[in-house]
Amino acid sequence: MIESETSPDSFPRHSARTRRFTLGEPRDFTVCAAGRLLLFLRALSGADPRTGLWAVELPDGIERMIVDPSSWGDEELSEEERARRERVRERALGVVAYSASDAGDVVVFAADSHLHVVDVSTGARRILAEAGDAYDPRLDPTGRRVAYVSARALWVIDVDGGEPRCLARDDDVNVAWGKAEHAAAEEMNRSRGFWWSPDGESLLVTRVDESPVRTWWISDPAHPDRAPRPVRYPAAGTDNAAVSLHHVRLDGTRREIGWDAAALPYLARVTWTPGHKPLVQVQSRDQRRVCTLSVDVDGGTTTLLYNDQDSVWVELFDGVPCWSGDDVVRIVDEGGARRLCVGADAVTGPEHYVRAVAGAADGEVVFTASYDDPTQVHVLRWTRAGGVEPLTSEPGVHVAVSARGVVVVASAALDRAGRRHEVRSAGATRVLRSVAESPRMEPAVRLMTVGARRLRCGLVLPTGHSAGDRWPVLLDPYGGPHSQRVLQARGSWLEPQWLADRGFAVLVIDGRGTPGRGPDWERTIHRDFIATLDDQVDALHAVAEQEPALDLDRVAIRGWSFGGYLAAMAVLRRPDVFSAAVAGAPVVDWRLYDTHYTERYLGLPQEQADVYARNSLLDVADTLTRPLLLIHGLADDNVVSAHTLLLSQRLTESGREHAVLPLTGVTHMAAQEVVAENLLLLQVDFLRRALAG
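Visitor: Outline the overall build of the chain, supporting the account with residue identities and numerical values.
Guide: The secondary structure content of the chain amounts to 11 helices and 44 strands. Whereas a compact globule of 693 residues would reach a radius of gyration of roughly 26 Å, the chain reaches 25 Å, a difference of no more than 12%. Relative to all contacts within the chain whose residues are 6 or more apart in sequence, the contacts with residues 24 or more apart total 59%. Within the structure as shown, the chain displays about 26600 Å² of accessible surface, and the carbon and sulfur contribution to it stands at 47%. Across the chain, 77 positive and 98 negative side-chain charges occur, with their mean positions spaced 1 Å apart.

This is how it looks when you write it as structure tokens:
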């Protein structure tokens, strides 16, 4: 029997119900009307996932809800929309995405199987068309027309009504227009497939041919009467979708945009801003080359502006490329530093680790970066006249959106719950209201830097611990690329504190490959994921030298996704250190994970068979001597459940005892409230029993 903590006031229930206390915070900001209007989303309450659309006149207007999601019933989502939400990790309901005109007078969104158009000034809402399987509706900048994807085709309809017009469609069922393929949406952070011209008279549109991609089948074993769901999944070493970009006019005529797609098959970024040619970034299959191109839409040609190359890989970044005046803004790894470049010039020094661009204007760029402390993220502004200046100084994690002279800064810190959203415009500053609920605990984390590699760690002990107490240790990492856990944000430490209060010394470690420490640090895991485990072990021992409360005879580890891989690897490769593990949705055989992520780190399996074998868990399954709990959602189309099933099969064939917890109908997010709640309780129960044994 698991620990009885299922009251409405328990932390697992509270955290699950509030989506980890993020419901009710403002999000998804759009600056309109030359900086005089701000649109954003906010849930109805901190425990209600239905999200409404809000507007506020800047600088000092009153916040008003212009779309109330309680005015319609339960939503029936199309498969395309479900897939889109899974890729962007969207768990809310109601208005979860929207598009606004530049003037901010009109907004469009899809919900309740319809396309909705809203008059921002009055809040009047009308149904524009039956949405059916439509998703990603986008207003043209002038607010006259809406483009959207439906039935694998791109459609446009006038805001004033009328019949939808199909702009691009193929008879081939394997071809879709205006969508982002799996590799782009899951790994490149490009979730869109079409972009309006600034004048609203044409679009740039992707054509995605998935016929080369193998079909995988995601079934629901709990409902054997239902047909499996086909998923085009580009596994490492197999063919990707063939993606091309086309200039499409409103009369349906189109011209393909040309570049060397054989050498640069990945379409990573597309931007089209007023007064400038569109910019695209394309990437080679081995990811050692990224080219920034300008586009001549009339001729269908491209011009090479920048050719970034690296012997290991070239990273992609959010917010770039973009224009600042007549200069192209990029983020570039050079000289061991990650720098902001405006035109040909690097405008930040080696002391800055630039993370993303929040917005750019003529002679100005707002961006986020870390300095000498990777646990903090700050917002900065570069201007041609004044150079680089910080816009945030309070310790914590700050991100931003910047457009039309307005900067919205979202700030998290260790000394307060949630995030504070500050709007800076016209020389004034205001704070947007949050209705997020606060957790009924205050985490106490000790941030540490340990060992020869100066590994960043966070240690959380049980509340009220006393000198002389000794606690079993629970490592709680992600530990892999693109995700950083050790941050100065209170929300990062709520779950570790709850786990600690169940009787553990909880240790979170960011090792090699995690962000914040520079490009060379990230590239040290090239061809070698096992290094991430070495850092967990080294940091554990280094922290134990400083903190006698850690009982190194009782050490467990848990994780999800890459963290699940790391947890399973820990008990398989280092049973001398780890006594038990919980591995959630682990990648077990990297040949079964997607192309863009896996090949960046491990290369092609056809060429690096020994690398894939060394980093796989299957060939070391027969070494298991410690308790291992495997957890996997059977509806997961990112890390498919085959990973856990294959590992379980190999363990069984080797006579190695283990436990498997299959989650029916659960995807990689494990978003269902009752599942998220009880997963915590079940893990604690397993670890207590395993360590007691």
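Now, onward.
Visitor: Can you break down unusual backbone geometry residue by residue, with the values?
Guide: In this model, L58 is joined to P59 through a cis peptide bond whose omega is 10°. Residue placement: P59 occurs in the loop between β3 (48–57) and β4 (64–67). The linkage connecting V320 with the following residue, P321, adopts the cis geometry, with an omega of 0°. Position of P321 among the secondary structure elements: in the loop between β24 (301–309) and β25 (322–324). Positive phi is not limited to glycine here, since R152 has a value of about 65°. Looking at the element boundaries, R152 is found in the loop between β11 (145–150) and β12 (153–158). For Q287, which is not glycine, the phi dihedral falls at a positive 65°. Structurally, the position occupied by Q287 is in the loop between β22 (279–283) and β23 (289–296).

Visitor: Break down the state of the cysteines for me, citing the residues and quoting the values.
Guide: Among covalent bonds in proteins, the disulfide is the one between the sulfur atoms of two cysteines. Scanning all chains against the criterion turns up zero disulfides. Here C341 is not cross-linked by a disulfide; its sulfur's nearest cysteine counterpart is in C322, at 12 Å.

Visitor: Got a sec to walk through the environment of L646? Specific residues and values, please.
Guide: Considering the arrangement of structural elements, one finds L646 in helix α10 (residues 642–653). Note on L646: relative accessible area 32%, which makes it partly exposed. Distance from L646 to D589, taken between C-alpha atoms, is 8.6 Å for residues 57 residues apart in sequence. Setting aside its immediate chain neighbours within four residues, L646 contacts L592 and L618.

Visitor: Lay out the packing of helix α6 (residues 530–546) against helix α7 (residues 562–573) in plain terms, naming residues and giving numbers.
Guide: Relative orientation of the contacting elements α6 and α7 amounts to 70°, with a least axis distance of 10 Å. Taken together, α6 and α7 sit at an angle that is classed as roughly perpendicular. Facing α6, whose interface residues are I530, T532, L533 and Q536, α7 presents F562, L566, M569, A570 and R573. Of the residues assigned to the contact of α6 with α7, the class counts are six nonpolar, two polar and one charged.

Visitor: Explain α10 to me, and be specific about the residues and the numbers.
Guide: For α10, which comprises 12 residues, the first-to-last C-alpha distance of 16 Å matches the rise-based estimate of 16 Å (1.5 Å per residue) to within 8%. Buried residues along α10 sit in contact with β43 (628–633) and β44 (659–663). The first or second residue beyond α10 is G655, which carries a positive phi of 70°.

Visitor: Residues and numbers for the sheet that holds strand β38 (residues 455–460), please.
Guide: Taken in spatial order, the eight strands make up an open sheet running β37-β38-β40-β39-β41-β42-β43-β44, and their pairing is mixed. Single-partner strands in this sheet number two, and they are β37 (445–450) and β44. For this sheet, the mean angle separating the axes of adjacent strands, direction not counted, is 20°. Of the pairings in the sheet, the one linking β43 to β44 comprises five bridges and is parallel in character. Paired with L629 across the two strands is A659, which belongs to β44. Sheet strands touched by α10: β43 and β44. Its angle to β43, the strand with the most contacts, is close to 150°.

Visitor: Summarise the sheet that holds strand β21 (residues 266–271); cite the residues concerned and give the values.
Guide: With respect to topology, four strands assemble into an open sheet ordered β21-β22-β23-β24, the strand pairing being antiparallel. Two strands in the sheet have a free side with no partner beyond their single neighbour: β21 and β24. If you compare each strand with its neighbour and ignore which way they point, the axes differ by 25° on average. As paired elements, β22 and β23 share five bridges and run antiparallel to each other. Bridging across to β23, L279 finds its partner in S294.

Visitor: Can you lay out empty space enclosed by the protein for me, pointing to particular residues and giving the numbers?
Guide: Applying the stated criterion across every chain, the model contains three cavities of 30 Å³ or more. Within this model, the second largest cavity holds a volume of roughly 50 Å³. P374, T375, R456, Q484, V486, D510, T514, P515 and R517 are the residues that line the second largest cavity. For the lining of the second largest cavity, a count of residues per class yields three nonpolar, three polar and three charged.

Visitor: So what's going on with the packing of aromatic side chains? Residues and values would help.
Guide: According to the stated counting rule, one finds 18 aromatic pairs in the structure shown. Taking 5.2 Å as the distance between ring centres and 80° as the angle between the ring planes, the aromatic pair formed by Y565 and W590 counts as edge-to-face. Here W590 lies in the loop between β42 (580–584) and α8 (595–602) and Y565 lies in helix α7, a separation of 25 residues in the sequence. In this structure, Y565 and W590 share a single accessibility class: buried.

Visitor: Please set out the side chain of H398 residue by residue, giving values where relevant.
Guide: Structurally, H398 can be placed in strand β33 (residues 397–403). Setting aside chain neighbours within four positions, we find H398 in contact with T368, V377, H378, V379, T392, V409, A410 and S411.

Visitor: Before we move on, could you go through the nonpolar core and cite the residues and values that matter?
Guide: L475, F529, F578, W590 and L628 are the most contacted members of the largest nonpolar core, which has 68 residues in total. Sort the elements by how many residues they give to this core and α7 lands first, with nine residues. Residues contacting L628, with those up to four places away along its chain left out, are A568, V571, A581, A583, L651, H658, A659 and F686. L474, V506, V666 and L679 belong to the second largest nonpolar core, which has 31 residues in total.

What counts, and where the lines are drawn
- Residues numbered from 1 in each chain as written.
- Predicted model: local features only at pLDDT ≥ 70, side-chain atom pairs only at ≥ 80, totals over all residues.
- Heavy atoms only, no water.
- Helix = DSSP H or I, 4+ residues; strand = E, 2+ residues; numbered from the N terminus.
- Rg over C-alpha atoms; globule rule 2.2 N^0.38 Å.
- Contact = heavy atoms within 4.5 Å.
- Areas by Shrake-Rupley, 256 points an atom, 1.4 Å probe, with all protein chains shown as cover.
- Lys, Arg positive; Asp, Glu negative; His and termini not counted.
- Charge placed at Lys NZ, Arg CZ, Asp CG, Glu CD.
- Disulfide = S-S within 2.5 Å.
- Buried < 20%, exposed > 50% of the residue type's maximum accessible area, 1.4 Å probe, protein only.
- Axes fitted to C-alpha atoms, helices over the stretch in contact; angles between N-to-C directions.
- Parallel < 35°, antiparallel > 145°, perpendicular 65-115°, else oblique.
- Nonpolar A, V, L, I, M, F, W, Y, C, P; charged D, E, K, R; others polar.
- Expected span 1.5 Å × (residues − 1).
- Pairing = 2+ DSSP bridges.
- 1 Å grid on protein atoms, 1.4 Å probe; cavity = no way out; pocket = protein on both sides within 12 Å on 5 of 7 lines; lining within 4 Å.
- Points joined across faces, edges and corners; volume = space filled by probe spheres on them.
- Phe/Tyr/Trp six-rings, centres within 6.5 Å; stacked < 30°, edge-to-face > 60°.
- Core = buried A, V, L, I, M, F, W, Y, C linked by side-chain atoms within 4.5 Å.

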